[in-house]
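One-letter residues, chain by chain:
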Amino acid sequence: MTPERDRTAARLLRSSAEHSYDPDVEINWDAPLAPDLYFVPPHRSSLYGTQLWAGMTEEQRITLTRHEVASIAGLGIWFETILMQLLLRGYYKQDPTAAHAQYALTEVADECRHSIMFGRMIDRLGTPVYQPAGVNAALGKWIAATGTGPRMFAAILICEEILDTLQREAMSHEQVQPLVRMVSRIHVVEEARHVRYAREELARQVRAAGKGRLVFDKLVIGRAAYLCGTHLIHPNVYKSVGIRPSDGYRAAMANPYFQETIRWSGERVVTYLDDLGLIGGPGRPLWRLSGLLPASHRFA
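Note that the coordinates shown come from a computational prediction; the quantities given were computed from them, not determined experimentally.

**Student:** Teacher, can you tell me more about helix α7 (residues 149-170) here?
**Tutor:** An α-helix turns once per 3.6 residues; consequently, residues spaced three or four apart project the same way. For α7, which comprises 22 residues, the first-to-last C-alpha distance of 32 Å matches the rise-based estimate of 32 Å (1.5 Å per residue) to within 8%. The buried fraction of α7 amounts to 21 of the 22 residues, a majority that puts the element mostly inside the structure.

**Student:** How should I be thinking about the packing of aromatic side chains in this particular structure?
**Tutor:** Each aromatic ring pair is characterised by the separation of its centres together with the angle its planes make. According to the stated counting rule, one finds 6 aromatic pairs in the structure shown. Between the aromatic rings of Trp142 and Phe216, the centroid separation amounts to 6.2 Å while the plane-to-plane angle is 90°, which identifies the pairing as edge-to-face. Within this pair, whereas Trp142 is found in helix α6 (residues 134-146), its partner Phe216 is found in helix α9 (residues 211-231), the two being separated by 74 residues in sequence. Owing to a relative accessible area of 39%, Phe216 belongs among the partly exposed residues under this scheme. Aromatic pair Phe153 and Tyr197: ring centres 6.3 Å apart, planes at 70°, arrangement edge-to-face. Of this pair, Phe153 sits in helix α7 while Tyr197 sits in helix α8 (residues 178-208), and the two are 44 residues apart along the sequence.

**Student:** In this structure, what is going on with helix α11 (residues 256-265)? I would like to understand it.
**Tutor:** Among the residues of α11, Phe258, Thr261, Ile262 and Ser265 are the ones counted as buried. In a view along the axis of α11, the buried residues occupy a sector of 95°, so they form one face of it. Its buried side turned inward, α11 meets α7, α9, α10 (245-254), α12 (267-275) and α13 (284-290). Looking at where α11 begins, the residue whose side-chain oxygen comes 3.1 Å from the main-chain nitrogen of Tyr257 is Asn255.

**Student:** Help me understand the pattern of salt bridges in this model?
**Tutor:** When the charged atoms of two side chains with opposite charge come close together, those side chains can pair. Tallied over the entire structure, the rule returns 14 salt bridges. Asp110 is the salt-bridge partner of Arg113, the closest N and O atoms lying 2.6 Å from each other. Within this pair, Arg113 and its partner Asp110 are both found in helix α5 (residues 99-125), separated by 3 residues, close to a single helical turn. Under the relative-accessibility criterion, Arg113 is labelled partly exposed at 24%. Asp110 gets classed as buried once you look at its relative accessible area, which sits at 2%. When the shortest N-O distance is used, the salt bridge between Arg268 and Asp164 registers 2.6 Å. Pair noted here: Arg268 is in helix α12 and Asp164 is in helix α7, with a separation of 104 residues, a long-range link. Residue classification places Arg268 among the partly exposed positions, given a relative accessible area of 37%. A single salt-bridge network, built from bridges that share partners, covers Asp110, Arg113, Glu190 and Arg193.

**Student:** Explanation requested: a nonpolar patch on the surface in the structure shown.
**Tutor:** Residues Val135, Leu139, Trp142, Phe216 and Leu219 make up a contiguous nonpolar surface patch of roughly 420 Å² in combined accessible area. Elements supplying a minimum of two residues to the nonpolar patch: α6 and α9. Tracing the sequence through the fold places Leu139 in helix α6.

**Student:** What exactly am I supposed to notice about the nonpolar core here?
**Tutor:** If you look at the biggest cluster of nonpolar residues, it comprises 86 residues, and the most contacted ones within it are Leu47, Met121, Ile158, Leu202, Leu232, Leu273 and Trp287. The element best represented in this core is helix α4 (residues 58-92), accounting for 15 residues. In contact with Leu47, other than residues within four places in its own chain, are Leu52, Trp53, Met56, Leu64, Glu68, Tyr238, Ile243, Gly248, Ala251, Ala252 and Asn255.

Cut-offs used in this document
Residues numbered from 1 in each chain as written. Predicted model: local features only at pLDDT ≥ 70, side-chain atom pairs only at ≥ 80, totals over all residues. Heavy atoms only, no water. Helix = DSSP H or I, 4+ residues; strand = E, 2+ residues; numbered from the N terminus. Expected span 1.5 Å × (residues − 1). Buried < 20%, exposed > 50% of the residue type's maximum accessible area, 1.4 Å probe, protein only. Phe/Tyr/Trp six-rings, centres within 6.5 Å; stacked < 30°, edge-to-face > 60°. Arc of directions from axis to C-beta. Contact = heavy atoms within 4.5 Å. Polar contact = N/O pair within 3.5 Å; in protein donor to acceptor, adjacent residues only side chain to side chain. Salt bridge = Lys/Arg side-chain N within 4 Å of Asp/Glu carboxyl O. Patch = residues over 30% accessible without salt bridge, like charges linked within 9 Å, V, L, I, M, F, W, Y side chains within 5 Å. Areas by Shrake-Rupley, 256 points an atom, 1.4 Å probe, with all protein chains shown as cover. Core = buried A, V, L, I, M, F, W, Y, C linked by side-chain atoms within 4.5 Å.

Encoded structure:
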């Protein structure tokens, strides 16, 4: 255990003690939803600016964003469940008296509250639970059971930082429901610690990893980027406004406004992973398909 690693963990433990929230107390779950407010900023809706959007009533547009935020929350729960398994497997091998190990458990506790909070929000919204299925679900189980080293932290960072960027905007947006704004605010405050922990741990593990190890890790990281970039919004959300899932998904993926939202949401994490040399290699085609890279990006 390095002194730097433990000092970071000790600071994060203090921050956790001072700035943690209980969603059961902080959020008024019984408050009525505002009929005229969106659930994501309207310009971030996957169909904003398309002909399908132009043909919707205001009520339909609000309904679509209701299901879109449920999709984002469902993906967040899915990734957080994987993260909790990874952290617990790592903790099993650590010294329980070390600050670094204790912070890992603290983060698990945070993620438990977050997943419950997201689950309660989805229930309050009255939508289906939208989560990865099929091949993506199988890959998630595989990562949860085997993920270690750079691929573990990089894959989780991609999802965490995309959600963090979206929620930082939503939490202060006047057109967004108070419930969504409060959920976003709590998650942003506590997730800042998780991002710091994961970034520093990832950088250390990249320095310690051999080139052969990183080749495979880049493939797994690319697959995680592809999942987050192309499945942030589940195709079935479009059923809520009478649009066939395949038609809605195709329109969203071709929508320049939504393409920009995906790129924008991934800017910070893409820059960080690129600086660490984790974008490229066998994961290059998946990164290109993810929509997270700017058009000007050049692989090393």
